[in-house]
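# Descriptive analysis of the structure
Here's the letter readout for the chains.
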Amino acid sequence: MPVVGTVLRWGAGLGLVSVIVMWFLAGRRTRGATATGEAGGDSRGGMFNRRYVVIVVLEAVALFGGIQVLRLLGWAPQAGVAWTALVVGVHFVALWPVWREVSILIPGIGLVALGLAGLVMVWTQAVEWVPFVSGVLSGLVLLAGSVFYARKELRALVPR
């Protein structure tokens, strides 16, 4: 099992580095296009409006309040990992109507599913696997979604 953990950590690290590199490349290309008068930049505007703030505040309350409730109810400590995945996933799904970006909806649905799976697993003999299912796999969903959509956006910036 230590080999699998090491491979997963390296894969996650490489995914993170690729997202960061693509972000810098996209930012450089967007600034260049804007400076030359071409279409560039974020035309959506107002992404961080009042609805966004309300969703983030509700997420924070649900996240930290929910973990405390789970503790008070005597749930296994692993339930906190599953609860976090569920709340973050619901947060992404709730932001979809605000931002209208499928790049946030699809990973959000994946996180909701992994969070719910983990909460169910808390009550089974597989409780020790909850951090892997709701934690590690959620991280992979987020990294994969980031890499996929960053690559897609970067390709859209490349002149044909």
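Shown above is the structure to which this text applies.
### Overview of the packing of helix α4 (residues 102-121) against helix α5 (residues 130-157)
Contact geometry of α4 with α5 gives a least axis separation of 9 Å together with a crossing angle of 175°. Compared by their axis directions, α4 and α5 come out roughly antiparallel. Taking contact as the criterion, the partners of Val102, Ser103, Ile106, Pro107, Leu111, Leu114, Gly115, Ala117, Gly118 and Met121 in α4 are, on α5, Val130, Val133, Ser134, Leu137, Ser138, Val141, Leu142, Gly145 and Tyr149. Here the residues of the contact of α4 with α5 are counted per class, giving 13 nonpolar, 6 polar and no charged.

### Thoughts on the side chain of histidine 91
Within the secondary structure layout, histidine 91 lies in helix α3 (residues 79-99). By relative accessible area, histidine 91 is classed as buried at 11%.

### A short note on unusual backbone geometry
Within the chain, arginine 100 stands out as a residue other than glycine whose phi angle is a positive 55°. As for its position among the elements, arginine 100 is in the loop between α3 and α4. With relative accessibility at 54%, the residue arginine 100 sits in the exposed group.

### What about the packing of α3 against α5?
Here α3 crosses α5 at 30°, and the two axes come no closer than 8 Å. It follows that α3 is roughly parallel to α5 by the angle criterion. Here α3 and α5 pass one another in a crossing that is left-handed. Contacts between α3 and α5 pair Val81, Ala82, Ala85 and Phe92 from the former with Val130, Pro131, Ser134, Gly135, Ser138 and Leu142 from the latter. Within the contact of α3 with α5, the residues separate by chemical class into 7 nonpolar, 3 polar and no charged.

Calculation rules
Residues numbered from 1 in each chain as written. Predicted model: local features only at pLDDT ≥ 70, side-chain atom pairs only at ≥ 80, totals over all residues. Heavy atoms only, no water. Axes fitted to C-alpha atoms, helices over the stretch in contact; angles between N-to-C directions. Helix = DSSP H or I, 4+ residues; strand = E, 2+ residues; numbered from the N terminus. Parallel < 35°, antiparallel > 145°, perpendicular 65-115°, else oblique. Contact = heavy atoms within 4.5 Å. Nonpolar A, V, L, I, M, F, W, Y, C, P; charged D, E, K, R; others polar. Buried < 20%, exposed > 50% of the residue type's maximum accessible area, 1.4 Å probe, protein only. Left-handed = near helix turned anticlockwise from the far one by under 90°.

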